[in-house]
Amino acid sequence: MQYTPNHARTDRRPMTDTAVRTLDKQRAEFKRNRFLAMPLAGLLVWTLLLIPGWLLPLPQAMLALFIGTGCIAYVGMALSKLTGEDFLDKTRPKNDFQALFFHGMAQAVLVYAIVIPLAILEPRAAPMGVGILAGLMWIPFSWIVQHPIGWWHAGVRTVLICASWFVWPDAQYVVVPLIVIGCYLFTIPVLEARWRRANAAHG
């Protein structure tokens, strides 16, 4: 098969906008996003999960946990219209880093394949599994935006949730949401301050 250099392409179909725009440019564009919709969705859902975690028996609390956390992405999509991010806006140029971000979200959903069998064996451990594994998407996010907040969020969240299992194993449906809520309450202002600085720098 003969190699055809890019400047001598015989296929004259237009290149996609992601091919024309360099990865550095796409990353710079992605970093200018606000990144509030998903954290706000997580904060809202985990706050609501305190109610069944406190009031309902273990089987119903576990069902609420899986349904609630499974809806975070959809809640985030709805909130994105209010935060100016609008994930469903088809008029924006495609961005490879945004695609990577959504792939990370999909990865977080797939970890339920680990959590569900664990929860069947030990229902008390379901919040720990969901709380830790779903938080791992913050690590690639931190690399993309070149800001340590994602590493902080994932690291502190993991350490505290793991420690809580040994201290309050029978109160996981309340303690884990409180830990996740606390991490979000720190993370959201940091993300907002980062966004304001980025906007100020670009006039």
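On a predicted model such as this, the values are computed, not experimentally measured, just so you know.

Re helix H2 (residues 23-31)
Here H2 has its buried residues at Gln26, Arg27 and Phe30. For H2, the arc enclosing every buried residue in end-on projection is 100°, short of the 170-degree limit, so these residues lie on one face.

Things to note about the nonpolar core
Core analysis: the biggest nonpolar cluster contains 49 residues, and Trp46, Phe66 and Phe141 have the highest contact counts within it. For this core, the elements supplying multiple residues, two or more each, are helix H3 (37-48), helix H5 (58-70), helix H7 (96-110), helix H8 (112-121), helix H9 (126-133), helix H10 (138-145), helix H11 (149-167) and helix H12 (172-201). Residue contributions to this core peak at ten residues, all from H12. Beyond its immediate chain neighbours, meaning those up to four positions away, Trp46 contacts Leu65, Thr69, Ile72, Val130, Gly131, Arg157, Val176, Pro177, Val180, Ile181 and Tyr184.

What about a nonpolar patch on the surface?
Residues Leu44, Leu48, Ile51, Trp54, Leu55 and Leu56 make up a contiguous nonpolar surface patch of roughly 670 Å² in combined accessible area. The set of elements that each furnish at least two residues to the nonpolar patch consists of H3 and helix H4 (50-55). Here the nonpolar patch gets three residues from one element, more than from any other, and that element is H4. Inspection of the secondary structure puts Leu55 in helix H4.

Points about the pattern of salt bridges
Enumeration according to the criterion identifies five salt bridges in this entry. Among the ionic pairs, Arg124 bridges to Glu122, the shortest N-O distance being 3.1 Å. In this structure Arg124 comes out as partly exposed when scored by relative accessible area, which is 28%. Here Asp170 ties to Arg124 by a salt bridge, and the two come within 2.6 Å at their closest N and O atoms. Of this pair, Asp170 sits in the loop between H11 and H12 while Arg124 is found in the loop between H8 and H9, placing the two residues 46 residues apart along the sequence.

Thresholds, definitions, all that
- Residues numbered from 1 in each chain as written.
- Predicted model: local features only at pLDDT ≥ 70, side-chain atom pairs only at ≥ 80, totals over all residues.
- Heavy atoms only, no water.
- Buried < 20%, exposed > 50% of the residue type's maximum accessible area, 1.4 Å probe, protein only.
- Helix = DSSP H or I, 4+ residues; strand = E, 2+ residues; numbered from the N terminus.
- Arc of directions from axis to C-beta.
- Core = buried A, V, L, I, M, F, W, Y, C linked by side-chain atoms within 4.5 Å.
- Contact = heavy atoms within 4.5 Å.
- Patch = residues over 30% accessible without salt bridge, like charges linked within 9 Å, V, L, I, M, F, W, Y side chains within 5 Å.
- Areas by Shrake-Rupley, 256 points an atom, 1.4 Å probe, with all protein chains shown as cover.
- Salt bridge = Lys/Arg side-chain N within 4 Å of Asp/Glu carboxyl O.

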